[in-house]
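Summary of structural features
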Amino acid sequence: MKSLHEAGYLSAFADLRDAAQVDDLFQVLRLIGGADLSLGRVFEGHVNAIQLIHAYGSRQQKVALAAELFQGCRFGVWNTDLAGGTWLEPIDRGWILRGSKRFATGAGHIERVLISAALADGAKQLVLVDVAGQPERADNRGWRVRGMRGSQSGLFDFDGMEIAVGALLGAPGDYEREPRFSAGAWRFAAVQLGAVESLLRHWRVHLLASGKAQDPVQRARFGQSVAATRSAASWVSRAARAAEATEPEAVPLVLMTRGVVEDAAFGVMEGAARAVGTAAFFEGSRIDRITRDLSLYLRQPVPDQARDRAAAAWLEADCWGEDAWW
């Protein structure tokens, strides 16, 4: 993340003003995903946070964002509550936070985080919280998963933290406002795509180095995965532009894209494992690392529900011919 700051990428994508910037973010996300999925998850969360601040923040919050990004501040978005939820209690000088978040990516390692917290009427309010210098509130001991260990997506205890009135971002309900909420999933699909492409390259190198590239069965399986991966890249690129332009079909397009990337990923993971064999499962193998990380990342969030919503939209609308969905 420090290197990304030095290269200017931590502050580059708060506001996507045109299609060229959208394409730039797409390329950055897929390249980072191809290098390391945990880093991709942290960076994608950072981009999500700063875009939300730019979209819903006050002038003062946007000025503060620019200054903190200049200093290399790292942001994140945590939405998943521990049992009991996360809520705001009013006090004379602001608010007191109650509750904890789980699956808190970068817990103990990032400085600012956007969280959703319930108000007295149950509405969800975005809150920008300064979590720098409070590692004792982070607990990553339970993050004992097969993949994505480096994302450090543990627990964070907010209980008793005082929050100023100026830390509330936007209006209640803004976090889940569509199409931004669902259509923004194109970003993590781009990260996942980068890992699929990287795995495909490792598979190709193995076929050439081992002499298996002369086997027609191996070539058939590899060719099928090349086609699926290239198709997934086209879908993500189209979904990214639709999402950032807030086109009417953006949400179902992005949801369907998630399924396309997932299918390509499963095919490449299985094909690489079949081609390389037992060596693909040894610790230290890049194929093993990518497969473990990707297998977990693809499960979040609710992939079956996303695919079902997309299919329902395609059934409801006529998407053939000159329709913009294509």
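Placed above this text is the structure.
Right, let's walk through the structure included here.

Here is what the cut-offs are and how they apply
Residues numbered from 1 in each chain as written. Predicted model: local features only at pLDDT ≥ 70, side-chain atom pairs only at ≥ 80, totals over all residues. Heavy atoms only, no water. Phe/Tyr/Trp six-rings, centres within 6.5 Å; stacked < 30°, edge-to-face > 60°. Helix = DSSP H or I, 4+ residues; strand = E, 2+ residues; numbered from the N terminus. Buried < 20%, exposed > 50% of the residue type's maximum accessible area, 1.4 Å probe, protein only. Polar contact = N/O pair within 3.5 Å; in protein donor to acceptor, adjacent residues only side chain to side chain. Contact = heavy atoms within 4.5 Å. Salt bridge = Lys/Arg side-chain N within 4 Å of Asp/Glu carboxyl O. Core = buried A, V, L, I, M, F, W, Y, C linked by side-chain atoms within 4.5 Å.

The subject of this paragraph is the packing of aromatic side chains. Under the definition given, this model contains nine aromatic pairs. When the ring of Trp-78 is compared with that of Phe-156, the centres are 5.3 Å apart and the planes differ by 45°; the resulting orientation is tilted. With Trp-78 in strand S1 (residues 75–78) and Phe-156 in strand S7 (residues 154–157), the pair connects residues that are 78 residues apart, well separated along the chain. The buried category is assigned to Trp-78, whose relative accessible area is 1%. Look at Phe-156 and you get buried, because its relative accessible area is 1%. Look at Phe-103 and Trp-143: their rings are 6.4 Å apart centre to centre, the planes differ by 65°, and that puts the pair in the edge-to-face class. Here Phe-103, found in strand S3 (residues 94–104), pairs with Trp-143, found in the loop between strand S6 (138–139) and S7; they are 40 residues apart in sequence, far enough to count as distant. Under the relative-accessibility criterion, Trp-143 is labelled buried at 9%.

What follows deals with the side chain of Glu-68. Assignment of secondary structure puts Glu-68 in helix H4 (residues 59–70). Only 3.0 Å separates the side chain of Glu-68 from the side chain of Arg-112, close enough to count as a polar contact. Setting aside chain neighbours within four positions, we find Glu-68 in contact with Cys-73, Phe-75 and Arg-112.

Now for unusual backbone geometry. The peptide bond linking Glu-178 to Pro-179 adopts the cis configuration, its omega dihedral lying at 5°. Take Pro-179: it is sitting in the loop between strand S9 (168–169) and helix H5 (180–183). Of note, the amide linkage connecting Gln-300 to Pro-301 takes the cis form, showing an omega dihedral of -20°. Secondary-structure assignment places Pro-301 in the loop between helix H9 (286–297) and helix H10 (303–316). In the Ramachandran plot, Phe-103 falls in the positive-phi region, its phi being about 50° despite a non-glycine side chain. The partly exposed category is assigned to Phe-103, whose relative accessible area is 43%. A positive phi is found at Gln-152, a non-glycine position, where the angle reads about 50°. For Gln-152, the location among the structural elements is in the loop between S6 and S7.

With that settled, consider the pattern of salt bridges. Note that side chains of opposite charge can pair when their charged atoms are close. All told, the structure shown has 22 salt bridges when counted by the stated rule. Taking the shortest distance from any N to any O, the salt bridge between Glu-162 and Arg-93 comes out at 2.9 Å. Placement of Glu-162 in strand S8 (residues 162–163) and of Arg-93 in the loop between strand S2 (81–91) and S3 is noted, with a sequence separation of 69 residues between them. Since its relative accessible area comes to 49%, Glu-162 is described here as partly exposed. Taking relative accessible area as the criterion, Arg-93 reaches 57% and is therefore assigned exposed. Asp-130 is the partner of Arg-112 in a salt bridge, and the nearest nitrogen-oxygen pair spans 2.9 Å. Separated by 18 residues along the polypeptide, Arg-112 in strand S4 (residues 112–118) and Asp-130 in strand S5 (residues 124–130) bring together distant segments of the chain. A residue is classified by how much of its surface remains accessible, and Arg-112, at 15% relative accessible area, is buried.

The subject of this paragraph is the nonpolar core. Taken as a class, soluble globular proteins show a tendency for nonpolar side chains to be buried jointly. If you look at the biggest cluster of nonpolar residues, it comprises 63 residues, and the most contacted ones within it are Leu-25, Phe-43, Trp-186, Trp-203, Val-236 and Leu-294. Elements represented by at least two residues in this core include exactly helix H2 (19–35), helix H3 (37–56), helix H6 (186–210), helix H7 (216–244), helix H8 (250–276), H9 and H10. Ignoring sequence-local partners within four residues, the contact set of Phe-43 consists of Met-1, Leu-4, Tyr-9, Leu-10, Phe-13, Leu-25, Val-28, Leu-29 and Ile-32. Counting residues in hydrophobic clusters, the runner-up holds 21 residues, among them Leu-97, Val-113, Ala-117 and Leu-168.

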